Amino acid sequence: MLDQHYMIDGKILMRMCNVANLTRNDTVLEIGGGTGNLTSYLRKIAKHVYVIEKDKKHVGPLTERFAHADNITLIFDDASKVDFPTFNKCISNLPYTICESLLWKFTRYKFELLVLVVPEGFADRLVGNKKSRLKLLVDAFYDVELMATIPPQAFDPPPKIWSTMIKITPKENGNFFLKELLSQYDKKTKNAVREIFIRSGLSKKEAIEQIGVKIRPALQNKKIVQLSLAEIKDIVKSFTQQ
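What you are looking at is a predicted structure, and each value in this text was computed from that prediction instead of being measured.

The rules behind each value
Numbering of residues starts from 1 in each chain and follows the order in which that chain's sequence is written. Residue-level local features of this predicted model are given only where pLDDT is at least 70; pairs of side-chain atoms are given and counted only at 80 or more, and the full residue set underlies all totals for whole chains, interfaces and linings. Only heavy atoms go into the side-chain values, all of them from the structure, while hydrogens and water stay out. Here a helix means four or more residues in a row that DSSP labels H or I, a strand means two or more in a row labelled E, and each is numbered from the N terminus. The classification of residues rests on relative accessible area computed with a 1.4 Å probe and restricted to protein chains. Under 20% of the type maximum is buried, over 50% is exposed, and intermediate values are partly exposed. A contact between two residues is defined here by any heavy atoms of the two lying within 4.5 Å. Two strands make a pair as long as DSSP finds a minimum of two bridges between them. We define a salt bridge as a contact between a side-chain nitrogen of Lys or Arg and a carboxyl oxygen of Asp or Glu at a distance within 4 Å.

### A few points about the environment of Val19
At step 1: Here Val19 shows up in helix H1 (residues 10-19).
At step 2: When its relative accessible area of 13% is taken as the criterion, Val19 is described as buried.
At step 3: Between the alpha carbons of Val19 and Leu182 there is a distance of 28 Å; along the sequence they are 163 residues apart.
At step 4: Contacts of Val19, omitting those with residues within four sequence positions, involve Val115, Met147, Met165 and Lys167.

### Concerning unusual backbone geometry
At step 1: For the bond running from Asp156 to Pro157, omega is -5°, close enough to zero to count as cis.
At step 2: Position of Pro157 among the secondary structure elements: in the loop between strand E8 (155-156) and strand E9 (163-170).
At step 3: A positive phi angle is found at Asn21, which is not glycine, with a value near 50°.
At step 4: In this fold, Asn21 is placed in the loop between H1 and strand E2 (27-31).
At step 5: Accessibility expressed as a relative area gives 55% for Asn21, which makes it exposed.

### Here's the deal with the pairing of E9
At step 1: Inspection of the sheet shows strand E6 (residues 113-119) paired to E9 by 6 bridges, in the antiparallel sense. Note that in E9 the partner of Val118 across the bridge is Thr164.

### Details of the pattern of salt bridges
At step 1: The tally for this structure, following the rule as stated, stands at 9 salt bridges.
At step 2: Linking Asp78 and Lys54 is a salt bridge whose minimum nitrogen-to-oxygen distance equals 3.6 Å. Of the two residues, Asp78 sits in the loop between strand E4 (72-75) and strand E5 (89-93) while Lys54 sits in the loop between strand E3 (48-52) and helix H3 (59-65), which places them 24 residues apart along the sequence.
At step 3: When its relative accessible area of 48% is taken as the criterion, Lys54 is described as partly exposed.
At step 4: One salt bridge in this structure joins Asp139 and Lys135, with 3.4 Å as the shortest N-O distance. Here the residue Asp139 and the residue Lys135 both occupy positions in helix H6 (residues 133-141), the gap between them amounting to 4 residues, near one helical turn.
At step 5: Taking relative accessible area as the criterion, Asp139 reaches 40% and is therefore assigned partly exposed.

Below is the structure:
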């Protein structure tokens, strides 16, 4: 059962477009097209809209609804697994269970901004002071603004929790090593660090030697996303002195 709550409030859908400052020059990515309510707003303004939808029950209805829309491409696949097409803005009412995994994934893409509707508690974690791997990721890569609080009645079916519209823009600067490390979240630590050093000019042998000296063997085979906050900080400190 997918955690789908379809936005039905037209004023909020339009506000998402306004917050994104959507224009005819924009190529938009929408994750979780659902019944196409947001898509119908996006297509009227944007140059092109790529819609990713996992739930097979929406294949027929979405295909029929937008059969004559020449600026929409429907992608029926899992957004957490499929490669994203080129886009400059993402405007989405996200499936709640993939919010965090998508923020990790977006670190690998160049974009202008994201306007997302997420659970209120998740939004609070992004801007709060509580330390976590997610907070470390956000602070390294993104600037996050809370734009609006959304009641359950804006959705069908209504979720049990309130939601928040957030605007995310990428940070240009920051700790190079940390950002490179986190963006390789699905790789083993030793492989991720090796790639960083090879791209920085070290030979493969030199990179492996550095890893052997500075990273505990128990951590080398763990994927980056499996590392604890303390472990990530220790690795970054050992290579950058920060």
